[in-house]
Amino acid sequence: MTTLFEQVLASSKSLSADERAKLAHALIASLDLQQDDDDEQYWQKLAEQRVGEIEAGYVTAVSWQDIKKQLGKDQAK
């Protein structure tokens, strides 16, 4: 590993969870050198479908906190 990489990694640990998530997203997005319009349209359509399912009451949204609690219960077994 390069010194710069190690410095960036060490610095990133002082960021909040939200900031680290944004940083991770930005880094991953920087790897996507060629954006496929079909992929973008697919994800847009899927997001709209999911919102429609929630609004229609077909599915219920679950908070990240609830998911973490459930995962903790499953791991305790």
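Residues numbered from 1 in each chain as written. Predicted model: local features only at pLDDT ≥ 70, side-chain atom pairs only at ≥ 80, totals over all residues. Heavy atoms only, no water.

Trainee: Teacher, can you tell me more about the pattern of salt bridges here?
Mentor: Opposite charge on two side chains lets them pair, provided their charged atoms get close. Counted by the stated rule, this structure contains two salt bridges. As a salt-bridge pair, Lys-22 and Asp-18 come within 3.3 Å of each other at their nearest N and O atoms. Remark: Asp-18 and Lys-22 occur in helix 2 (residues 17-31); sequence separation between them is four residues, near one turn of the helix. Accessibility expressed as a relative area gives 47% for Asp-18, which makes it partly exposed. A salt bridge links Arg-50 to Glu-53, with the shortest nitrogen-to-oxygen separation between them at 3.7 Å. Residue Arg-50 and its partner Glu-53 are located together in helix 3 (residues 37-56), separated by three residues, close to a single helical turn. (Salt bridge = Lys/Arg side-chain N within 4 Å of Asp/Glu carboxyl O. Helix = DSSP H or I, 4+ residues; strand = E, 2+ residues; numbered from the N terminus. Buried < 20%, exposed > 50% of the residue type's maximum accessible area, 1.4 Å probe, protein only.)

Trainee: How do you make sense of the packing of aromatic side chains when you look at a structure like this?
Mentor: Each aromatic ring pair is described using two quantities: the centre-to-centre distance and the angle formed by the ring planes. Following the criterion strictly, the structure yields one aromatic pair and no others. Look at Tyr-42 and Trp-43: their rings are 5.1 Å apart centre to centre, the planes differ by 75 degrees, and that puts the pair in the edge-to-face class. (Phe/Tyr/Trp six-rings, centres within 6.5 Å; stacked < 30°, edge-to-face > 60°.)

Trainee: Any chance you could explain a negative patch on the surface here in plain terms?
Mentor: A cluster of like negative charges, contributed by Asp-36, Asp-37, Asp-38, Asp-39 and Glu-40, occupies part of the molecular surface. As for its position among the elements, Asp-39 is in helix 3. (Patch = residues over 30% accessible without salt bridge, like charges linked within 9 Å, V, L, I, M, F, W, Y side chains within 5 Å. Areas by Shrake-Rupley, 256 points an atom, 1.4 Å probe, with all protein chains shown as cover. Lys, Arg positive; Asp, Glu negative; His and termini not counted. Charge placed at Lys NZ, Arg CZ, Asp CG, Glu CD.)

Trainee: What am I meant to see in a nonpolar patch on the surface here?
Mentor: A contiguous nonpolar patch, built from Val-62, Trp-64, Ile-67 and Leu-71 and spanning about 390 Å² of accessible area, is present on the exposed surface. Its location among the elements puts Trp-64 in helix 4 (residues 64-76). Residue Trp-64 is classed as exposed on the basis of its relative accessible area, which comes to 54%.

Trainee: When you look at the layout of surface pockets in this model, what are you seeing that I'm missing?
Mentor: Leftover empty space is mapped by rolling, across the atoms, a probe with the size of a water molecule. One number sums up the size of the largest pocket: a volume of about 170 Å³. Lining the largest pocket are Leu-4, Phe-5, Val-8, Leu-9, Ser-12, Arg-20, Leu-23 and Leu-27. The set of elements that each furnish at least two residues to the lining of the largest pocket consists of helix 1 (3-12) and helix 2. Broken down by element, the lining of the largest pocket gets its largest block of residues, five residues, from helix 1. Its residues assigned to classes, the lining of the largest pocket comprises six nonpolar, one polar and one charged. (1 Å grid on protein atoms, 1.4 Å probe; cavity = no way out; pocket = protein on both sides within 12 Å on 5 of 7 lines; lining within 4 Å. Points joined across faces, edges and corners; volume = space filled by probe spheres on them. Nonpolar A, V, L, I, M, F, W, Y, C, P; charged D, E, K, R; others polar.)

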